Amino acid sequence: MELLIKLILSYLLGSTSGSMLLGKLNGVDIRNLGSGNAGGTNAFRTQGPAFGAGVLFIDILKGFLSAKYISSISLPIFSSSIIDHDILIILCGVAAVLGHVYPIYHGFRGGKGAGAAIGMVFAISWPTITLAILLWVIILLFTGYVGLGTMLGSISVIYFAHYFKESINNPYFLPFTVILCIFIIYTHWSNIKRMLDGSENRFEKAMIFRRNS
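Helix and strand counts for the protein chain stand at 10 helices and 0 strands. When the helices and strands of the protein chain are read in sequence order from the N terminus, they spell out α-α-α-α-α-α-α-α-α-α. Relative to its length of 213 residues, the protein chain is compact, with a C-alpha radius of gyration of 18 Å against a globular reference of 17 Å. The principal-axis extents of the C-alpha atoms in the protein chain amount to approximately 65 × 40 × 25 Å. Residues classed as buried in the protein chain amount to 44% of the 213 residues present.

Moving on, we come to the pattern of salt bridges. On inspection of all chains with the given rule, the structure shows 4 salt bridges. Lys6 is paired through a salt bridge with Glu2; the nearest N and O atoms lie 2.8 Å apart. Linking Lys6 with Glu2, this pair stays in helix 1 (residues 2–14), spanning 4 residues, or about one helical turn. Judged on exposure class, the residue Lys6 and its partner Glu2 are both buried. Between Arg31 and Asp29 there is a salt bridge, with the nearest N and O atoms lying 3.1 Å from each other. On the basis of relative accessibility, which here comes to 16%, the residue Arg31 falls in the buried class.

This paragraph deals with unusual backbone geometry. The backbone of Phe108 shows a phi angle near 60°, a positive value even though the residue is not glycine. Mapped onto the secondary structure, Phe108 falls in the loop between helix 5 (85–101) and helix 6 (114–124). Since its relative accessible area comes to 47%, Phe108 is described here as partly exposed.

The next point concerns the packing of helix 1 against helix 5. The contact between helix 1 and helix 5 brings their axes to 7 Å, and the two run at 35°. Crossing angle aside, the handedness with which helix 1 passes helix 5 is right-handed. In this structure, helix 1 uses Glu2, Leu3, Lys6, Leu7, Ser10, Tyr11 and Gly14 to contact helix 5, whose residues at the interface are Leu88, Leu91, Cys92, Ala95, Ala96, Leu98, Gly99 and His100. Along the lines of polarity and charge, the residues of the contact of helix 1 with helix 5 split into 9 nonpolar, 4 polar and 2 charged.

Turning our attention to the environment of His106. One can find His106 in the loop between helix 5 and helix 6. Take His106: its relative accessible area is 13%, and that puts it in the buried class. In the structure, His106 is positioned 91 residues away from Ser15 in sequence and 7.9 Å away in space, judged by C-alpha atoms.

Here the focus is the side chain of Ser125. Its place among the elements puts Ser125 in the loop between helix 6 and helix 7 (126–143). By relative accessible area, Ser125 is classed as buried at 4%. At 2.7 Å, the side chain of Ser125 forms a polar contact with the side chain of Thr128. Beyond its immediate stretch of four places on either side in the chain, Ser125 contacts Ile168 and Phe173.

Okay, a nonpolar patch on the surface next. Together, Leu98, Tyr102, Ile104, Tyr105, Phe108 and Tyr186 make up an exposed nonpolar region whose accessible area comes to about 610 Å². Relative to the helices and strands, Tyr186 resides in helix 9 (residues 173–187).

Along the chain, the position of Asn170 falls in the loop between helix 8 (146–163) and helix 9. Owing to a relative accessible area of 7%, Asn170 belongs among the buried residues under this scheme. Asn170 has contacts with Asp86, Ile89, Ile90 and Ile124, leaving out every residue within four places of it along the chain.

The next subject is the packing of helix 4 (residues 49–68) against helix 5. Running from N to C, helix 4 and helix 5 cross one another at 150°; their axes reach a closest spacing of 7 Å. On the basis of the axis angle, helix 4 is roughly antiparallel to helix 5. Relative to helix 5, the crossing made by helix 4 is right-handed. Side by side, helix 4 and helix 5 meet where Asp59, Lys62, Gly63, Ser66 and Ala67 of the first sit next to Ile89, Cys92, Gly93, Ala96 and His100 of the second. For the contact of helix 4 with helix 5, the per-class residue count stands at 4 nonpolar, 4 polar and 2 charged.

What counts, and where the lines are drawn
Residues numbered from 1 in each chain as written. Predicted model: local features only at pLDDT ≥ 70, side-chain atom pairs only at ≥ 80, totals over all residues. Heavy atoms only, no water. Helix = DSSP H or I, 4+ residues; strand = E, 2+ residues; numbered from the N terminus. Rg over C-alpha atoms; globule rule 2.2 N^0.38 Å. Buried < 20%, exposed > 50% of the residue type's maximum accessible area, 1.4 Å probe, protein only. Salt bridge = Lys/Arg side-chain N within 4 Å of Asp/Glu carboxyl O. Axes fitted to C-alpha atoms, helices over the stretch in contact; angles between N-to-C directions. Left-handed = near helix turned anticlockwise from the far one by under 90°. Contact = heavy atoms within 4.5 Å. Nonpolar A, V, L, I, M, F, W, Y, C, P; charged D, E, K, R; others polar. Polar contact = N/O pair within 3.5 Å; in protein donor to acceptor, adjacent residues only side chain to side chain. Patch = residues over 30% accessible without salt bridge, like charges linked within 9 Å, V, L, I, M, F, W, Y side chains within 5 Å. Areas by Shrake-Rupley, 256 points an atom, 1.4 Å probe, with all protein chains shown as cover. Parallel < 35°, antiparallel > 145°, perpendicular 65-115°, else oblique.

As C-alpha cells, this is what we get:
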C-alpha cells in the first residue's frame, strides 16, 4: 500500500505539465502549436526562451521532487513496510516520468519525458546528469537537433552512471538507466523518422557552424 500511494502521488505530480500550466496563464494550448508536443522544446520554439525555460524548470522539478522527497515521505500507518528505499526512489521517479508523458489531467497527451527524467537522475546522481546535459549542449551546438542531443544524452547517462557507480548509493540505478534510455528513444521515435527523411527542425541559431542566409 505504501508503494501504491507513493506511485500515485508521483504520477499525479508528474502529470502536472509545465507547458500546459504556463500555457493557461498565457491563454494558449501548446499542443495546438508547432509539433503539437507538450514538452519544453516545442514550448521554447513556439513561445520563446522565457516560456520554454519556465516549462523546463517545472518539468525537471517534478521529477526531482518525486524521486527525492515523495519516495521518502513518512507514512506512519505503514511503518513496518519492508520496501527497499532505493527501489522506491527509482519507481517514484519512473511514475513521474510516465505522468509527464501520459498526464491524466491532459488526456494523456504530454511531453517526451526528458524533463522529468533529468530531475529524477539529478536526485540520484547530479554528476551523471550534469555531464549528460553537457553532451546535449555540444550536440545541439554542432547539429541543431534537440531530439538527437536528448537521445544521445540519455545513452550517455548509462556510461556516466557506470563511471560514477562507486559514489552512487543506489544499486538499481545503473540497470535502470538502460531502461530509461530505451524509453526516451521510444518517445523520440517521431524525431528519428523526421531526421531520416530530412524534415526535422533545427535550432539553427544555436549552431556554431550554420549557413548564412
